[in-house]
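Residues per chain are reported as follows:
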Amino acid sequence: MKIRKILLIVISILLVSGCSTVNRMSYQEIINKTKSSNSLSNVTRRGYKYYIPKGIKLINNKDFNEILMDQDNVYYLYVDVVSYYNNVKFDYKINKNAYYSQKLDNGYLEINKTEDNKYLIEIMDNYAKIEVIVNEKNIKKALTYSNILISSVDYKYDVLDNMMKDDSFNTSEIEFNIFKTVASDSDFATYEEQYGQYNENDDVKDSDLIE
């Protein structure tokens, strides 16, 4: 409970006090201060749960894909329950051609400038990945939200164990590889075309529990 309260205080300072606090921090400081202890959750899925912080709205979920929004940006979240179940290890190599590249515990943070002068943030850790395209002024805010989301994912091994043994659960349908970046020709960017564009007035579409 104490850890939960501390994390809530940190999140409140970063998000409620406005972007000025976040913008004074380095990318590494943001990662360190917003990493969840898996003690927070307000969304339950089959095989895992996670926390959506204040300021983020859930738009849609399909299988292990989640689409979320803040005031300015659309976040594409993918949770790789198969890699978690199989305890897959990953060794990221720093991309010297990226705008920013950093190795995380079992993943990476990579930021690349797009052709239209925006920035693609890819952050993968804890067997979950988020991709979001932002304007330069929103990089740190988006990174803050993204790290809170992916680090809060808490897996339910017993549930996943039953899923993997269930013939109706076809792991071959899970094609997205969270260990590949868009810069290395990931297919994740096509999801925006698949799900379409979203705006702030879109309704939340969610059949699972949001506490």
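Residues numbered from 1 in each chain as written. Predicted model: local features only at pLDDT ≥ 70, side-chain atom pairs only at ≥ 80, totals over all residues. Heavy atoms only, no water.

**Q** For the overall build of the chain, give the residues involved together with the corresponding values.
**A** Per the secondary structure count, the chain includes 7 helices and 11 strands. Total accessible area on the chain is roughly 11,100 Å²; 46% of this is exposed by carbon and sulfur atoms. (Helix = DSSP H or I, 4+ residues; strand = E, 2+ residues; numbered from the N terminus. Areas by Shrake-Rupley, 256 points an atom, 1.4 Å probe, with all protein chains shown as cover.)

**Q** Explain the pairing of strand β5 (residues 74–79) to me, and be specific about the residues and the numbers.
**A** Among the 6 residues in β5, 6 count as buried, and that is most of the element. Where burial is concerned, the two faces of β5 agree: the one with Val74, Tyr76 and Tyr78 and the one with Tyr75, Leu77 and Val79 are both buried. Summarising the sheet, strand β4 (residues 65–69) and β5 pair through 5 bridges and their orientation is antiparallel. Looking at the pairing, Met69 lines up with Val74 of β5. The antiparallel pairing of β4 with β5 creates a hairpin that spans 4 residues between the two strands. (Buried < 20%, exposed > 50% of the residue type's maximum accessible area, 1.4 Å probe, protein only. Pairing = 2+ DSSP bridges.)

**Q** How would you sum up the environment of Asn106? Please name residues and give values.
**A** Residue placement: Asn106 occurs in the loop between β6 (100–104) and β7 (107–113). When its relative accessible area of 12% is taken as the criterion, Asn106 is described as buried. Setting aside residues up to four positions removed in sequence, Asn106 forms contacts with Val88, Lys89, Phe90, Met124, Asp125 and Tyr127. Within the structure, the side chain of Asn106 is placed 3.0 Å from the backbone nitrogen of Phe90, a separation counted as a polar contact. (Contact = heavy atoms within 4.5 Å. Polar contact = N/O pair within 3.5 Å; in protein donor to acceptor, adjacent residues only side chain to side chain.)

**Q** Mind laying out the nonpolar core, listing which residues take part and the relevant values?
**A** Counting residues in hydrophobic clusters, the biggest one holds 45 residues, and the most contacted among them are Tyr50, Leu68 and Tyr155. With 6 residues, the single largest contributor to this core is helix α5 (residues 139–151). Contacts of Tyr155, omitting those with residues within four sequence positions, involve Gly47, Tyr48, Val79, Asp80, Val81, Tyr84, Asn126, Tyr127, Ala128 and Leu160. Counting residues in each nonpolar core, the second largest holds 5 residues, with Ile67, Met69, Val74 and Tyr76 among its members. (Core = buried A, V, L, I, M, F, W, Y, C linked by side-chain atoms within 4.5 Å.)

**Q** Explain the environment of Asn87 residue by residue, including any values.
**A** With respect to the secondary-structure elements, Asn87 resides in the loop between α4 (81–85) and β6. Measuring from C-alpha to C-alpha, the distance between Asn87 and Tyr127 comes to 9.2 Å, with 40 residues separating the pair along the chain. Side chain to side chain, Asn87 and Lys89 meet in a polar contact 3.3 Å long.

**Q** Help me get a handle on the packing of aromatic side chains, residues and values and all.
**A** Inspection of every chain in the model, using the stated rule, returns 11 aromatic pairs. Taken together, a centroid distance of 6.4 Å and an interplanar angle of 40° make the contact between Phe90 and Tyr92 tilted. Given a relative accessible area of 18%, Phe90 falls into the buried group. Put simply, the rings of Tyr48, Tyr50 and Phe64 touch in pairs and so form one group of aromatic residues. (Phe/Tyr/Trp six-rings, centres within 6.5 Å; stacked < 30°, edge-to-face > 60°.)

**Q** Pulling in residues and values, what's your account of the side chain of Arg45?
**A** Secondary-structure assignment places Arg45 in strand β1 (residues 43–45). Accessibility expressed as a relative area gives 5% for Arg45, which makes it buried. Within polar-contact distance, the side chain of Arg45 engages the side chain of Glu66 at 2.6 Å.

**Q** Explain the pattern of salt bridges residue by residue, including any values.
**A** Tallying each qualifying case throughout the model produces 9 salt bridges. As a salt-bridge pair, Lys141 and Asp70 come within 3.8 Å of each other at their nearest N and O atoms. Highlighted residues: Lys141 in helix α5 and Asp70 in the loop between β4 and β5, separated in sequence by 71 residues. If you follow the salt bridges from partner to partner, you end up with Lys35, Asp105 and Asp125 in one network. (Salt bridge = Lys/Arg side-chain N within 4 Å of Asp/Glu carboxyl O.)

Nothing here speaks to function; it is geometry throughout.
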